[in-house]
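# Architecture at a glance
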Amino acid sequence: MRPAVIHRVTTLDLSFQERPWPFADQRRADIDAHFAKRQRDTPEIWNGRILLGRDADISGNCFRANYFATDFASLLAWIDWGFPDPEIFNGFGMGALRCADGAFVMGEMGRHTANAGQIYFPAGTPDLDDLRDGKVDMDDSVMRELGEETGLTPADYKADDYWDCVVVGATIAMMRILHADMTGEAMRARIEANLAAQDHPELSAVHLVRGISDLTAAMPRFITAFIEAQFAGAA
């Protein structure tokens, strides 16, 4: 596994283009059979439409890429089979929620999810709901994922002006620090109350990480560990 490379940028220019994916078209029967097996193990996962990237370019303070739509089954097969199309990357937003006392909030994915047991910042592969005027709006994607997983709204935090693009193999996590005016314990209690009110919450637990003064320096310790385990070598 190649080491993580981190690029700090202020602008994301993520275009959307309708285009076929030869891998998904040529391996359709195999992909469907693979997803059926994964679904037998985790019945709650579903084969929705998601967005994957290609043509990644990081120049100066801008990260540019082109996105296209495919299905979740093809993404899972592409990951599980060792990334057979090297021109494609899984590029997703990640919200690093930092509380007033310096604690970072991380969620543990529920047993019914495709990423069961993984502990990381709220994140998710973008989908068609994140498209705005021919662009992928990663800000909206991060806010949507954070809202779905924790119940928080944009009024509950303030985002930094920059993104840290963490590149690990065929994965690019576009991470933004979100500052909340609440202590870690109070935030955990609020999120846990929200989870308790849901029939099928995405998270099974909420974890606080303390003692991190420089998140960029700490990324190889816990952010890239998630990427390597789940998106850059999943089986």
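Residues numbered from 1 in each chain as written. Predicted model: local features only at pLDDT ≥ 70, side-chain atom pairs only at ≥ 80, totals over all residues. Heavy atoms only, no water.

## Examining the overall build of the protein chain
In terms of regular secondary structure, the protein chain is built from six helices and 14 strands. In the protein chain, buried positions account for 51% of the 235 residues. Taking the intrachain contacts of the protein chain between residues at least 6 apart in sequence as the baseline, contacts between residues at least 24 apart amount to 72%. Only carbon and sulfur atoms are counted for the fraction: they give 49% of the accessible area of the protein chain, which is about 10,800 Å². (Helix = DSSP H or I, 4+ residues; strand = E, 2+ residues; numbered from the N terminus. Buried < 20%, exposed > 50% of the residue type's maximum accessible area, 1.4 Å probe, protein only. Contact = heavy atoms within 4.5 Å. Areas by Shrake-Rupley, 256 points an atom, 1.4 Å probe, with all protein chains shown as cover.)

## Description of the pattern of salt bridges
Under the counting rule described, the total for this entry stands at 20 salt bridges. Here arginine 27 makes a salt bridge to aspartate 30, at a shortest N to O gap of 3.1 Å. Overall, arginine 27 belongs to the partly exposed group, its relative accessible area being 32%. For aspartate 30, a relative accessible area of 41% puts it in the partly exposed group. Close ionic contact of glutamate 87 with arginine 54 constitutes a salt bridge, the shortest N to O distance being 2.7 Å. Of this pair, glutamate 87 sits in the loop between helix H3 (72–80) and strand E5 (88–98) while arginine 54 sits in strand E3 (residues 49–59), placing them 33 residues apart in sequence. Shared partners join several salt bridges into a network, and the residues in it are Asp127, Asp130, Arg144, Glu145 and Glu148. (Salt bridge = Lys/Arg side-chain N within 4 Å of Asp/Glu carboxyl O.)

## Observations regarding the packing of aromatic side chains
A complete count under the given rule lists eight aromatic pairs for this structure. With 6.3 Å between their ring centres and 55° between their planes, phenylalanine 63 and phenylalanine 89 make a pair best called tilted. Taken as a pair, phenylalanine 63 in strand E4 (residues 62–71) and phenylalanine 89 in strand E5 lie far apart in primary sequence, 26 residues in all. Each member of the pair, phenylalanine 63 together with phenylalanine 89, is buried. Seen from their ring centres, tyrosine 67 and phenylalanine 89 are 6.0 Å apart, and the 80° between their planes marks the pair as edge-to-face. In this pair, tyrosine 67 sits in strand E4 while phenylalanine 89 sits in strand E5, placing the two residues 22 residues apart along the sequence. Phenylalanine 89 matches tyrosine 67 in its accessibility class, with the two residues each being buried. Put simply, the rings of Trp21, Phe23, Phe68, Trp78, Trp81 and Phe83 touch in pairs and so form one group of aromatic residues. Taking the ring centre of tyrosine 162 as reference, the NZ or CZ of arginine 8 above it sits at 3.8 Å. (Phe/Tyr/Trp six-rings, centres within 6.5 Å; stacked < 30°, edge-to-face > 60°. Lys NZ or Arg CZ within 6 Å of the ring centre and 35° of its normal.)

## A few points about helix H4 (residues 138–150)
Helix length check: H4 (13 residues) gives 18 Å between terminal C-alpha atoms against 18 Å at 1.5 Å per residue, within 8%. When H4 is considered as a whole, its buried residues turn out to be Met138, Ser141, Val142, Arg144, Glu145, Leu146, Glu149 and Thr150. Glycine 151 lies just past H4 and shows a positive phi near 85°. (Expected span 1.5 Å × (residues − 1).)

## Some words on the nonpolar core
Of all hydrophobic cores here, the largest spans 31 residues; its most connected members are Leu14, Phe63, Tyr67, Leu97, Val105, Met174 and Met187. Counting residues per element, the ones that place at least two in this core are strand E2 (11–16), E4, E5, H4, strand E12 (163–168), strand E13 (171–179), helix H5 (184–196) and strand E14 (203–209). With four residues, E4 is the largest single contributor of residues to this core. In this structure methionine 187 touches Leu97, Cys99, Val105, Leu152, Ala180 and Met182, once residues within four positions along its chain are discounted. Listed in part, the 19 residues of the second largest apolar core include Ile31, Ala77, Trp78 and Ile88. (Core = buried A, V, L, I, M, F, W, Y, C linked by side-chain atoms within 4.5 Å.)

## Considering the confidence of the model for the protein chain
Within the protein chain, residue pLDDT values average 86, and 85% of them lie at 70 or more. Here residues 228–235 scores under 50 on pLDDT; set against residues more than four positions off or in separate chains, the count is 27 contacts. (pLDDT = per-residue confidence, 0-100.)

## Looking at the side chain of aspartate 160
Among the secondary structure elements, aspartate 160 is positioned in the loop between strand E11 (158–159) and E12. Arginine 8 provides the closest opposite charge to the buried, unpaired aspartate 160, separated from it by 6.7 Å. Side chain to side chain, aspartate 160 and tyrosine 162 meet in a polar contact 3.2 Å long. Engagement of the side chain of aspartate 160 in a polar contact is seen with the side chain of histidine 179, the distance being 3.0 Å. Those residues in contact with aspartate 160 that sit more than four places away from it in its chain are Arg176, Ile177 and His179. (Lys, Arg positive; Asp, Glu negative; His and termini not counted. Polar contact = N/O pair within 3.5 Å; in protein donor to acceptor, adjacent residues only side chain to side chain.)

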